[in-house]
Amino acid sequence: MPPAKAGTGGRNGCFCTQPYVFELLSLEGEESVRRAGEMLTGDRSRLPGMVRASLGIYNDEEDICHFLAELTRLAEKGPRLEYTQDEATGDFLPEGYAPDLGGYFVL
């Protein structure tokens, strides 16, 4: 997963509700069948999707204000990094980013 931005994480796709997401995005009939077919053949470059904000019991008003401020900044100025799309997965990855996983798997 790409690095967190401003203390947030993101992912693309339809989560666990592809038919519902297709309905919300008004992807019906032939368009819905075409998109589903693309995904089944491994082409995820036009994968429809959404963004959602998930709150936990530990989140407070300050967290929500921070999220809204970053969302506003993103809408007004765009992403802080340049991204390229991996057509096989549909993922957008930050250019030049290489995760340092060494510290995650230490016994």
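Refer to the structure presented above.
The notes below deal with the structure included here. Since the model is a prediction, treat every value here as computed from it, not as a measurement. (Residues numbered from 1 in each chain as written. Predicted model: local features only at pLDDT ≥ 70, side-chain atom pairs only at ≥ 80, totals over all residues. Heavy atoms only, no water.)

1. With respect to helix α3 (residues 61-77)
Link 1 in the chain: Between its first and last C-alpha, α3 extends 24 Å over 17 residues, near the 24 Å set by a 1.5 Å rise per residue.
Link 2 in the chain: The N-cap residue of α3 is D60: its side-chain oxygen and the backbone nitrogen of E62 are 3.1 Å apart. (Helix = DSSP H or I, 4+ residues; strand = E, 2+ residues; numbered from the N terminus. Expected span 1.5 Å × (residues − 1). Polar contact = N/O pair within 3.5 Å; in protein donor to acceptor, adjacent residues only side chain to side chain.)

2. Focus: the nonpolar core
Link 1 in the chain: Counting 6 residues, the largest nonpolar core consists of C14, V21, F22, L27, M39 and L47.
Link 2 in the chain: Aside from chain neighbours lying at most four places away, what touches V21 is C14, G49 and M50. (Core = buried A, V, L, I, M, F, W, Y, C linked by side-chain atoms within 4.5 Å. Buried < 20%, exposed > 50% of the residue type's maximum accessible area, 1.4 Å probe, protein only. Contact = heavy atoms within 4.5 Å.)

3. A closer look at unusual backbone geometry
Link 1 in the chain: One non-glycine residue, S26, lies in the positive phi region at around 55°.
Link 2 in the chain: Within the secondary structure, S26 sits in the loop between α1 (18-24) and α2 (29-40).
Link 3 in the chain: The class of S26 is exposed, set by a relative accessible area of 55%.

4. Here we look at the pattern of salt bridges
Link 1 in the chain: This model, assessed by the stated rule, comprises 6 salt bridges.
Link 2 in the chain: When the shortest N-O distance is used, the salt bridge between R35 and E31 registers 2.9 Å. Of this pair, R35 and E31 both sit in helix α2, 4 residues apart, which is roughly one turn of that helix.
Link 3 in the chain: For R35, a relative accessible area of 15% puts it in the buried group. (Salt bridge = Lys/Arg side-chain N within 4 Å of Asp/Glu carboxyl O.)

5. Quick word on α2
Link 1 in the chain: Between its terminal C-alpha atoms α2 stretches 17 Å, which fits the 16 Å expected from 12 residues at 1.5 Å a residue.
Link 2 in the chain: Within the sequence span of α2, burial applies to S32, R35, E38 and M39. Seen along its axis, α2 keeps its buried residues to an arc of 130°; they face one direction. Turned more than 90 degrees from where α2 packs its buried face, E30, V33 and L40 sit exposed.
Link 3 in the chain: At its buried positions, α2 is contacted by α1.
Link 4 in the chain: One or two steps after α2, the chain reaches G42, where phi turns positive at roughly 95°. (Arc of directions from axis to C-beta.)

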